[in-house]
Structure formats: C-alpha cells, structure tokens
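An overview of the molecular structure
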Amino acid sequence: MIDWEKLISAAKVVRENAYAKFSGFEVGAALLTDDGEIITGCNVENSSFGLTICAERTATFKAVSEGHRNFVAIAVYSQSDQPARPCGACRQVLFEFNPNLEIACANTQGIVDKFILSELLPEGFRLR
Ligand code: THU
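Reading the values: the criteria
Residues numbered from 1 in each chain as written. Predicted model: local features only at pLDDT ≥ 70, side-chain atom pairs only at ≥ 80, totals over all residues. Heavy atoms only, no water. Helix = DSSP H or I, 4+ residues; strand = E, 2+ residues; numbered from the N terminus. Buried < 20%, exposed > 50% of the residue type's maximum accessible area, 1.4 Å probe, protein only. Contact = heavy atoms within 4.5 Å. Near = heavy atom within 4 Å. Polar contact = N/O pair within 3.5 Å; in protein donor to acceptor, adjacent residues only side chain to side chain. Areas by Shrake-Rupley, 256 points an atom, 1.4 Å probe, with all protein chains shown as cover. Nonpolar A, V, L, I, M, F, W, Y, C, P; charged D, E, K, R; others polar.

1. Considerations on the environment of Val64
- Here Val64 lies in helix H2 (residues 55–65).
- Val64 gets classed as partly exposed once you look at its relative accessible area, which sits at 26%.
- Spatially, the C-alpha atom of Val64 lies 9.6 Å from that of Phe97, the residues being 33 residues apart in sequence.
- Not counting residues within four places of it along the chain, the set of residues in contact with Val64 comprises Phe71 and Phe97.

In structure tokens, the structure reads:
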C-alpha cells in the first residue's frame, strides 16, 4: 500500500525550494521507489525561460542519477485550484520507467486527484 499522505507531504516540503521567480508557480514532486525510498524535486526556472525544468523531471533525474529506476508512485504538489497535472514532457520522462506509475496531484487546499500514468499518456513512446 502506498502511503500517499507521506508522499504528498514530501512533495509539499520540497516545494518550498522551488525556484519559480518568473512564473511564481511553485511545484514540488516526490517519487516513491519500489524499495520505499522517496526522492524529491522542485521546479527550477531560468532567465532563459525554455531552460526551466519541472519538479517531476527534477525528481526523476535526481532519482535515476542516484541509482533508482523502479518507481511506483509520484506526488505532485502545487497551489492551483485544480492541482497541477504533470506536463506532457514529464509524462513521457516518467513513462520511460513505469507506464503504470500511480500519480497523485495535490494542492494547498487539500484536493488530491489520482491517476495512472498510462491514462494521462496513452501510447507513450518507447524505443525498446
Ligand atoms: N511546472 C512543474 O514543475 N510541474 C508541473 O506539473 C506543471 C508546471 C512548473 C514549470 C514552471 O516552472 C512553472 O510550473 C509554470 O509552468
């Protein structure tokens, strides 16, 4: 069983590190591995806007570079009325590791929407 409360709370905490001075839209993400580790990430914006990276990809790239590849769930925490969903680029990055990843999108008002990645990205690209 996934401890969603713990995962969402990790995403909420890491959101405090978001570097979002251009959009003001701060996001935190927490990835859960199959051995119970939680790896977090926030969005990091840049003066050259296109270089911005989302919280989900920060968490994923951190995790992979630390030796993790087996992800079971991710929590995304934001302040929007509808909790932010992972963008298309992040969906594809996550799809690489687990098309059946469980996703919780949560916001500061306590709304939590849950998805399976393959619902949000049907027919994602796989090279092999
Ligand atoms: N952003 C994320 O970090 N994750 C999402 O799921 C949606 C968008 C960031 C990117 C950018 O820094 C800001 O939110 C506004 O798009």
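2. Structural notes on the site of the ligand
- Every residue near the ligand is listed here: Ser23, Phe25, Val27, Asn43, Glu45, Thr52, Cys54, Ala55, Glu56, Arg85 and Pro86.
- Interatomic distance of 3.1 Å between a backbone N/O atom of Arg85 and an oxygen atom of the ligand.
- Expressed as a share of its isolated accessible area of 370 Å², the protein-covered part of the ligand is 79%.
- Looking at the shell around the ligand residue by residue, the classes come out as 5 nonpolar, 3 polar and 3 charged.

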